[in-house]
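Results of the structural survey
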Amino acid sequence: MLNLAPGEREQLQLERLQATLNRAYRNVPFHRNRQNEVARRNGKDPSIIERVADIAVLPFMERSHLGEHYPYGLFAVPLKDIVRIHTAPGTTRHPTVTGYTRQDLRIWREMVGRAFTAAGIGSEDILQIDLDPGLANWGRDYKDGAEALDVAVIPNTPLSPNKHLMVLRDYKTSAMVTTPSRAVQLTELMFRAEINPTALNLKRLILVGEPAAQETRRHLERRLHVETWHHFGLSEVPGPAIAYECQAHQGLHINEDHFFPEIVNPDTGDVLPPGETGELVLTTLTTRAFPLIRFRTGERARFIHEPCGCGTPSLRMEWFEQRTDDILNINGVKVHQSQINRQIEATLSFVPKYRSGVLEAEGEKKHLGISIAMDNRLFSDEIKVLEKRIRLLESDLSENLGVPVRVKLVEAALL
Ligand SMILES: [Zn+2]
């Protein structure tokens with residue numbers, strides 16, 4: 001599909017979009033109500049739209065909708081057709097639960113395979129997957145996609161960084177899927193252990209989960225003697241490699257046969273003119289179990305319409321570090337302020353004044369740093385008990401958010 005001419009591409013997208021809207025209307029009350037509302041307002045049924053761009057009449061789907069319809073309220077197929085169920089931390093009280101049909105999994109494998117092929121990865125390679133526990137679902141998708149290409153895969157396993165390094169060297173890993181933060185951490189560890197990059201067989205590094213700054217990529221390329229590729233995906237739904245870099249490294253090719261992308265003004269929701277930077281909105285075109293219709297990703301991006309050096313005519317995007325929402329991206333796992341609040345309240349029974357942010361110590365991967373103001377309600381405790389409660393909060397947060405967390409107490413005046 002990626003080689004289709006623009007006219008053919010639009011026709012394919014339109015047919016798939018109509019099928020998606022129809023299926024969502026028939027099977028999901030949430031989508032039915034929203035489409036009925038649009039029909040009432042515009043006097044026109046959205047499932048009979050004539051151009052893909054007409055999708056702009058439909059309302060957005062927000063992250064909060066995913067939690068509100070926990071667990072299966074947004075599934076568009078009967079549960080008997082679901083062959084896999086994934087859970088990811090959500091932005092509401094509930095996690096995000098997504099389902100896949102057999103066909104969904106096959107399409108996903110193909111998309112991941114397409115991205116690997118674009119990075120020159122094939123049956124000669126030994127691929128190591130090293131992702132945070134919060135991205136375990138992606139670990140499975142990457143494993144399946146690589147196996148379908150006959151790549152030898154070392155699946156994602158919760159090993160210590162030192163063990164990952166040992167595997168990287170001893171197993172002659174030639175390609176690796178990891179987050180930018182973990183790659184930096186691994187590089188530092190390697191140099192501390194005095195392992196020369198020439199001792200490695202590593203040639204390709206696939207960076208996923210979060211946008212990598214240019215200087216981070218250059219740093220990794222220089223120190224590890226590798227070429228880096230960037231993949232974009234959604235950690236909640238439905239998975240990795242929605243967009244990927246080719247060997248020209250001129251932005252990320254979007255899988256337009258499976259997604260219809262839009263860039264909107266994050267404040268007004270208006271679709272922006274070509275080339276402008278705004279919020280990425282995605283609509284799934286082939287997903288059967290869990291269709292997303294105009295899903296606001298919170299990612300800041302820009303479309304690149306000029307032809308790519310690789311000759312593939314698909315639309316590309318530039319993906320920026322800064323987001324359009326207040327979600328924190330920590331090693332590819334997204335954390336919303338309300339989740340932090342809820343967990344603090346659950347563990348401490350109240351919410352003291354606190355500040356949170358993404359922190360990155362030299363040579364370590366990113367973590368969620370939380371500074372809690374000294375509070376009388378905490379100080380009724382003995383120091384030993386207090387220390388225990390803080391460590392408990394740290395482990396509760398870490399377990400429920402799926403990211404490393406460090407909590408410290410600070411003078412209230414410092415917040
Ligand atoms: Zn290209």
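Fair warning: this is a prediction, and the values are worked out from it, not measured in the lab.

With respect to the overall build of the protein chain
Regarding its fold elements, the protein chain presents 11 helices and 18 strands. Rg of the C-alpha trace for the protein chain: 22 Å, near the compact-globule value of 22 Å for 415 residues, within the 12% margin. In terms of overall dimensions, the protein chain has C-alpha extents of about 65 × 55 × 45 Å along its principal axes. By the burial criterion, 55% of the 415 residues in the protein chain qualify as buried. Here the contacts in the protein chain between residues at least 6 apart in sequence split such that 65% fall between residues at least 24 apart. In the structure as shown, the protein chain presents an accessible area of about 18,100 Å², 49% of it carried by carbon and sulfur atoms. Each charge class in the protein chain was averaged separately, 51 positive and 54 negative side chains, and the resulting centres sit 3 Å apart.

Focus: the coordination of the zinc ion
Around the zinc ion, the protein supplies Cys246 (SG), His253 (NE2), Cys308 (SG) and Cys310 (SG) as donor atoms, at distances of 2.1 to 2.3 Å. Here the zinc ion is ringed by 4 donor atoms whose angles at the metal span 104 to 113°, and the overall shape comes out tetrahedral.

Considerations on the sheet that holds strand β16 (residues 354-359)
Strand-to-strand pairing in sheets goes through backbone hydrogen bonds, with the strands running parallel or antiparallel. Spatial ordering of the open sheet is given by β16-β17-β18, a layout of 3 strands whose pairing is mixed. One side of each edge strand has no neighbouring strand; the edge strands of this open sheet are β16 and β18 (405-410). The sheet shows a mean angle of 20° between the axes of neighbouring strands, taken without regard to direction. Across 6 bridges, the pairing between β16 and strand β17 (residues 367-373) is antiparallel. The partner of Tyr354 across the bridge, within β17, is Ile372.

Side note on helix α5 (residues 136-148)
In this model α5 runs 19 Å from its N-terminal to its C-terminal C-alpha over 13 residues, within 8% of the 18 Å that 1.5 Å per residue would give. Buried within α5 we find Asn137, Trp138, Gly139, Asp141, Tyr142, Asp144, Gly145 and Ala146. Looking one or two places after α5, you find Asp150, whose phi comes out positive at around 65°.

Thoughts on the sheet that holds strand β4 (residues 152-154)
Spatially, β4-β3-β5-β6-β7-β8-β9-β13-β12-β11-β10 is the arrangement adopted by the 11 strands of the open sheet, whose pairing is mixed. The outermost strands of the open sheet, each flanked by one partner alone, are β4 and β10 (259-264). Recorded for the sheet is a direction-independent mean angle of 35° between the axes of neighbouring strands. Where strand β8 (residues 243-245) meets strand β9 (residues 252-254), 3 bridges bridge the pair, whose relative direction is antiparallel. Paired with Tyr244 across the two strands is His253, which belongs to β9. Helix α7 (residues 180-192) contacts β3 (126-130), β5 (175-178) and β6 (204-207) of the sheet and is inclined by roughly 125° relative to β5. Lying over the sheet, helix α8 (residues 214-224) contacts β6, β7 (227-232) and β8, oriented at roughly 140° with respect to β7.

Structural notes on the packing of α7 against α8
Between α7 and α8, the shortest axis-to-axis distance is 11 Å and the interhelical angle comes to 35°. Like other packed secondary-structure pairs, α7 and α8 cross with a definite hand, here left-handed. On α8, the residues touching Ala183, Val184, Thr187, Glu188, Met190 and Phe191 of α7 are Thr216, His219, Leu220, Arg223 and Leu224. Across the contact of α7 with α8, the residue classes tally to 6 nonpolar, 3 polar and 2 charged.

Remarks on the packing of aromatic side chains
What the rule picks out here adds up to 5 aromatic pairs. Here a set of aromatic residues connected by ring pairs shows up, and it is made of Tyr72, Phe75 and Phe290. The ring of Tyr25 has Arg32 lying over it, and the distance from NZ or CZ to the ring centre is 4.7 Å. For the cation-ring pair, Arg296 lies above Phe60, with the distance from its terminal atom to the ring centre recorded as 4.9 Å.

Quick look at the domain arrangement of the protein chain
As assigned here, the protein chain comprises domain 1 (1-325) and domain 2 (336-414). Taking only C-alpha atoms into account, the centre of domain 1 sits 31 Å from that of domain 2. The interface of domain 1 with domain 2 comprises 13 residues on the first partner and 13 residues on the second. For the pairing of domain 1 and domain 2, the buried interface totals around 1,000 Å² over both sides, and the portion due to carbon and sulfur atoms is 46%. A per-residue breakdown of the area domain 1 buries against domain 2 is headed by Thr91, Ser181 and Gln185, which together make up 37% of the total. Linking domain 1 with domain 2 are 1 salt bridge, by the criterion used here. In this structure, Glu210 engages Lys366 in a salt bridge whose closest nitrogen and oxygen atoms are separated by 3.0 Å. Applying the counting criterion to the domain 1 and domain 2 interface returns 1 residue pair in polar contact (both at pLDDT 80 or more). Of the residues that constitute the side of domain 1 that touches domain 2, the class distribution is 1 nonpolar, 6 polar and 6 charged.

Some remarks on the pairing of β17
Remark: a regular strand shows side chains that alternate across the two faces of the sheet. Counted residue by residue, β17 has 7 buried out of 7 residues, so it is predominantly covered. Burial along β17 is two-sided: the residues His367, Gly369, Ser371 and Ala373 and Leu368, Ile370 and Ile372 are all buried. Sheet topology note: the β17/β18 ladder contains 6 bridges and is parallel. Each bridged residue has a counterpart across the sheet, and for Ser371 the counterpart in β18 is Lys408.

Brief notes about the pattern of salt bridges
Counting across every chain of the model gives 28 salt bridges. Across the pair Glu188 and Arg223 runs a salt bridge, and its minimum N-O distance is 3.3 Å. Of this pair, Glu188 sits in helix α7 while Arg223 sits in helix α8; the two residues are 35 residues apart in sequence, bridging distant segments of the chain. What makes Glu188 buried here is its relative accessible area of 17%. What makes Arg223 partly exposed here is its relative accessible area of 25%. Where Glu299 meets Lys334, a salt bridge forms, and the shortest distance between an N and an O atom there is 3.7 Å. Taken together, the residues span a long stretch of sequence, with Glu299 in strand β12 (residues 295-304) and Lys334 in strand β15 (residues 333-335) at a distance of 35 residues. Residue class for Lys334 comes out buried when judged on its relative accessible area of 7%. One salt-bridge network, in which partners are shared between bridges, spans Arg63, Glu299, Arg323, Asp325 and Lys334.

Conventions and cut-offs
Residues numbered from 1 in each chain as written. Predicted model: local features only at pLDDT ≥ 70, side-chain atom pairs only at ≥ 80, totals over all residues. Heavy atoms only, no water. Helix = DSSP H or I, 4+ residues; strand = E, 2+ residues; numbered from the N terminus. Rg over C-alpha atoms; globule rule 2.2 N^0.38 Å. Buried < 20%, exposed > 50% of the residue type's maximum accessible area, 1.4 Å probe, protein only. Contact = heavy atoms within 4.5 Å. Areas by Shrake-Rupley, 256 points an atom, 1.4 Å probe, with all protein chains shown as cover. Lys, Arg positive; Asp, Glu negative; His and termini not counted. Charge placed at Lys NZ, Arg CZ, Asp CG, Glu CD. Donors = N, O, S within 2.8 Å, 3.2 Å for Na, K, Ca; no water. Tetrahedral: all angles 85-135°; square planar, octahedral: opposite > 155°, others 65-115°. Pairing = 2+ DSSP bridges. Axes fitted to C-alpha atoms, helices over the stretch in contact; angles between N-to-C directions. Expected span 1.5 Å × (residues − 1). Left-handed = near helix turned anticlockwise from the far one by under 90°. Nonpolar A, V, L, I, M, F, W, Y, C, P; charged D, E, K, R; others polar. Phe/Tyr/Trp six-rings, centres within 6.5 Å; stacked < 30°, edge-to-face > 60°. Lys NZ or Arg CZ within 6 Å of the ring centre and 35° of its normal. Domains from an automatic or database assignment. Buried area = accessible area lost by both parts, 1.4 Å probe. Salt bridge = Lys/Arg side-chain N within 4 Å of Asp/Glu carboxyl O. Polar contact = N/O pair within 3.5 Å; in protein donor to acceptor, adjacent residues only side chain to side chain.

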